[in-house]
Amino acid sequence: MTTRPLIAPSILASDFSRLGEETRAVAEAGADWIHLDVMDGHFVPNLTFGPPVVKALRRHTDTFFDVHLMIAPADPYLAAFAEAGADGITVHVEAGPHIHRSLQAIRGLGKRAGVALNPGTPAALVEPLIEAVDLVLVMTVNPGFGGQSFIGSALETVARVKAMTAGRDIRIQVDGGIDATTVEAAARAGADVFVAGNAVFKDGPEAYAARIAAIRAGAEAARGGPGPRAC
Ligand code: DX5
Ligand code: ZN
C-alpha cells in the first residue's frame with residue numbers, strides 16, 4: 001500500500017515556555033501530525049508532560065495529535081490521554097507484559113493504536129500484533145532525548161516491518177535523528193511517517209515551513225516523486 005508521507009514535528013524540541021503558540025505555528029507551517037513525547041523518568045531517563053498539557057494544547061489546533069508514550073505502565077493512563085485529545089496513542093512493546101491488551105484498550109477508546117520498538121528490539125515482536133495496530137513506530141534513536149544521532153541499523157527493522165505489513169492499512173513511523181537527509185534512507189526502507197524534532201524547530205518559527213517542506217521533499221524523492229494526496 002502506497003501512502004503519502006506524513007511529517008510529524010515533535011514539540012519536544014519546541015520552546016516549552018510557548019507550547020501553545022509553537023504547536024499552532026508548526027501546524028500552520030504544514031505539519032501533518034503533531035508528535036507529543038510523553039516520558040516518565042522510569043521507562044526512559046527523562047520527564048516531559050502528561051494529559052493536562054495535551055488537553056491544553058488541543059485548544060490550539062485540530063491537527064492530528066500523535067501521542068508517543070514512553071512510560072511504564074501505560075495502561076492506567078490511556079483513557080486520560082484519549083480524553084485529553086489524543087488521536088493516536090503509541091505504546092512501547094518493551095514497556096510491559098500485556099502489549100496486546102494495551103493496543104486493544106487504545107482501539108476501544110476510539111483511537112489509532114501504535115506499537116513502538118526500540119533500536120535493540122527485533123521486528124519479530126510485532127508480528128503477533130499486526131491485526132491490533134494502525135501504526136508501527138521504529139525508533140531510530142534510543143528513546144528519551146531529542147537531538148541524538150540517527151541509528152542506521154534500525155532501518156533493517158523498518159524493512160522487516162514493511163514486509164510484515166504489506167497490503168495492510170498500517171503506517172510505519174520513524175522517530176529520532178530524522179532530517180532532510182536521513183529521511184531518504186528511512187523512506188526507502190519503507191517508513192511513511194517521519195517524526196522530526198530538532199530538524200524542524202532549530203531555527204525558529206520563520207523556518208518551520210521550509211524545514212517541513214525539506215523533510216517532505218526528501219521522503220518524496222526517495223519514493224520517486226510526490227505520492228497520492230490521500231492520507
Ligand atoms: C525521543 C523522542 C523523539 C524526539 C526526536 O525519545 O521520541 O520524538 O523528539 O527528536 P529529534 O528529531 O531531535 O531526534
Ligand atoms: Zn517520539
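Report on the accompanying structure. (Residues numbered from 1 in each chain as written. Chains lettered and ligands numbered in written order. Predicted model: local features only at pLDDT ≥ 70, side-chain atom pairs only at ≥ 80, totals over all residues. Heavy atoms only, no water.)

Right, let's get into the overall build of the protein chain. Counting secondary structure elements, the protein chain contains 8 helices and 8 strands. By the compact-globule yardstick of 17 Å for 231 residues, the protein chain fits well, its C-alpha radius of gyration being 16 Å. Judged by the C-alpha coordinates and their principal axes, the protein chain covers about 45 × 40 × 30 Å. Looking at the 231 residues of the protein chain, the share that counts as buried comes to 55%. Intrachain contacts of the protein chain at a sequence separation of at least 6 include 66% that bridge at least 24 residues. Both charge centroids of the protein chain, one from 20 positive and one from 25 negative side chains, sit 4 Å from each other. (Helix = DSSP H or I, 4+ residues; strand = E, 2+ residues; numbered from the N terminus. Rg over C-alpha atoms; globule rule 2.2 N^0.38 Å. Buried < 20%, exposed > 50% of the residue type's maximum accessible area, 1.4 Å probe, protein only. Contact = heavy atoms within 4.5 Å. Lys, Arg positive; Asp, Glu negative; His and termini not counted. Charge placed at Lys NZ, Arg CZ, Asp CG, Glu CD.)

The strand order across the open sheet formed by 8 strands is β1-β8-β7-β6-β5-β4-β3-β2, and the pairing between neighbours is parallel. Of all strands in the sheet, those with a lone pairing partner are β1 (6-9) and β2 (33-39), marking the two edges. Strand-to-strand twist of the sheet, defined as the mean angle between neighbouring strand axes without regard to direction, takes the value 25°. In this sheet, strand β5 (residues 112-117) lies alongside strand β4 (residues 88-92) in parallel orientation, the contact comprising 5 bridges. (Pairing = 2+ DSSP bridges. Axes fitted to C-alpha atoms, helices over the stretch in contact; angles between N-to-C directions.)

The next point concerns the packing of helix α6 (residues 182-189) against helix α8 (residues 208-222). The N-to-C vectors of α6 and α8 enclose an angle of 40°; their axes lie 8 Å apart at closest approach. Viewed along their axes, α6 and α8 adopt a mutual orientation that is oblique. Relative to α8, α6 is oriented so that their crossing is right-handed. Of α8, the residues touching α6 (which contributes V183, E184, A187 and R188) are I215, G218, A219 and A222. Partitioning the contact of α6 with α8 into residue classes produces 5 nonpolar, 1 polar and 2 charged. (Parallel < 35°, antiparallel > 145°, perpendicular 65-115°, else oblique. Left-handed = near helix turned anticlockwise from the far one by under 90°. Nonpolar A, V, L, I, M, F, W, Y, C, P; charged D, E, K, R; others polar.)

Now for the coordination of the zinc ion (ligand 2). Bound to the zinc ion (ligand 2) on the protein side are H35 (NE2), D37 (OD), H68 (ND1) and D175 (OD), at distances that span 2.0 to 2.3 Å. Coordination at the zinc ion (ligand 2) is octahedral, judged from the 6 donor atoms that bind it and the angles of 70 to 170° they form at the metal. Within one chain, the residues donating to the zinc ion (ligand 2) are spaced in sequence as H-x1-D-x30-H-x106-D. In this pair, H35 sits in strand β2 while H68 sits in strand β3 (residues 64-70), placing the two residues 33 residues apart along the sequence. Each member of the pair, H35 as well as H68, carries the same accessibility label: buried. (Donors = N, O, S within 2.8 Å, 3.2 Å for Na, K, Ca; no water. Tetrahedral: all angles 85-135°; square planar, octahedral: opposite > 155°, others 65-115°.)

Looking now at empty space enclosed by the protein. On inspection of all chains with the given rule, the structure shows 1 cavity of 30 Å³ or more. Estimates place the volume of the largest cavity at around 50 Å³. As for the largest cavity, its lining consists of W33, F64, D66, G88, I89, T90, R112, A113, G114 and L135. For the lining of the largest cavity, a count of residues per class yields 5 nonpolar, 3 polar and 2 charged. (1 Å grid on protein atoms, 1.4 Å probe; cavity = no way out; pocket = protein on both sides within 12 Å on 5 of 7 lines; lining within 4 Å. Points joined across faces, edges and corners; volume = space filled by probe spheres on them.)

Okay, the layout of surface pockets next. The computed volume of the largest pocket comes to approximately 320 Å³. Around the largest pocket, the lining is made up of 27 residues, and of these G146, G147, G176, G177 and G197 lie nearest the centre. Elements represented by at least two residues in the lining of the largest pocket include exactly β2, β3, β8 (193-196) and α7 (198-201). Split into classes, the residues belonging to the lining of the largest pocket amount to 12 nonpolar, 11 polar and 4 charged.

The next subject is the packing of helix α5 (residues 154-164) against α6. Across the interface, α5 lies against α6 with an axial gap of 8 Å and an inter-helix angle of 30°. As the angle between them shows, α5 and α6 are arranged roughly parallel. Only A185, A186 and A189 of α6 make contact with α5, whose side of the interface consists of L155, V158, A159 and K162.

As for its position among the elements, A217 is in helix α8. Relative accessible area serves as the criterion here: at 42%, A217 is assigned to the partly exposed category. Between the C-alpha atom of A217 and that of A180, which follows or precedes it by 37 residues, the distance is 7.6 Å.

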